[in-house]
Amino acid sequence: MTVNDNGATPTTTIKIVNVQEKSLLAAFFLTLLLGPLGMFYSTVVGGIVMTAVYIMVFILSIFTLGLALMLFFPAWIACIAWGMIAASNRTRMIASV
């Protein structure tokens, strides 16, 4: 046992963090079936952003007599991609710790 300069015994603190990995398959199917709501599994910020995008597209489609509904499909694909990337990054971050 060693003693510091001030006469105290040094202590080591270990923090244990329980963080689960995010499944890429679950992220894919949740965003495929639920769109922006499925993104809340992998990224809360992404889910909020894409839900706001969908609300804006819906409001825009009212003013354009449904023309803006063509934006729903590309936004859905963006939800799937963003959700998968977020789940992958989360898993990679946990693996590096």
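Overview of the structure.

Thresholds, definitions, all that
- Residues numbered from 1 in each chain as written.
- Predicted model: local features only at pLDDT ≥ 70, side-chain atom pairs only at ≥ 80, totals over all residues.
- Heavy atoms only, no water.
- Helix = DSSP H or I, 4+ residues; strand = E, 2+ residues; numbered from the N terminus.
- Buried < 20%, exposed > 50% of the residue type's maximum accessible area, 1.4 Å probe, protein only.
- Contact = heavy atoms within 4.5 Å.
- Areas by Shrake-Rupley, 256 points an atom, 1.4 Å probe, with all protein chains shown as cover.
- Core = buried A, V, L, I, M, F, W, Y, C linked by side-chain atoms within 4.5 Å.
- Polar contact = N/O pair within 3.5 Å; in protein donor to acceptor, adjacent residues only side chain to side chain.
- Axes fitted to C-alpha atoms, helices over the stretch in contact; angles between N-to-C directions.
- Parallel < 35°, antiparallel > 145°, perpendicular 65-115°, else oblique.
- Left-handed = near helix turned anticlockwise from the far one by under 90°.
- Nonpolar A, V, L, I, M, F, W, Y, C, P; charged D, E, K, R; others polar.

What follows covers the overall build of the chain. A count of helices and strands for the chain gives three helices and zero strands. Its helices and strands in sequence order give the chain the pattern α-α-α, from N to C terminus. Within the span of the chain, comprising 97 residues, buried residues form 22% of the whole. In the chain, of all internal contacts separated by at least 6 residues, the share reaching a separation of at least 24 is 56%. Just so you have it, the chain exposes about 7200 Å², and 72% of that area is on carbon and sulfur atoms.

Counting residues in each nonpolar core, the largest one holds five residues, listed as Met39, Met50, Tyr54, Ala75 and Cys79. Counting residues per element, the ones that place at least two in this core are helix 2 (44–63) and helix 3 (72–96). Leave out the neighbours within four places in its chain, and Cys79 touches Thr31, Gly35, Pro36, Met39, Met50 and Tyr54.

Two or three places before Leu25, at the start of helix 1 (residues 24–34), stands the capping residue Ser23, its side-chain oxygen 3.3 Å from that residue's backbone nitrogen. Directly beyond the C-terminal end of helix 1, a positive phi value near 65° is found at Gly35.

A word on the environment of Met93. Locating Met93 in the fold gives a position in helix 3. Residue Met93 is classed as partly exposed on the basis of its relative accessible area, which comes to 47%.

Any two packed helices are characterised by the angle at which their axes cross and by the distance between the axes. Look at helix 1 against helix 3: their axes get within 9 Å of each other, and the N-to-C directions meet at 160°. Classed by the angle they form, the pair helix 1 and helix 3 counts as roughly antiparallel. Here helix 1 and helix 3 pass one another in a crossing that is right-handed. Residues Leu24, Ala27, Phe28, Thr31, Leu32, Leu33 and Leu34 of helix 1 touch helix 3, and the partners they reach there are Trp76, Cys79, Ile80, Gly83, Met84, Ala87 and Ser88. Of the residues that constitute the contact of helix 1 with helix 3, the class distribution is 11 nonpolar, three polar and no charged.

Everything listed here is a matter of geometry and, on its own, says nothing about what the molecule does.
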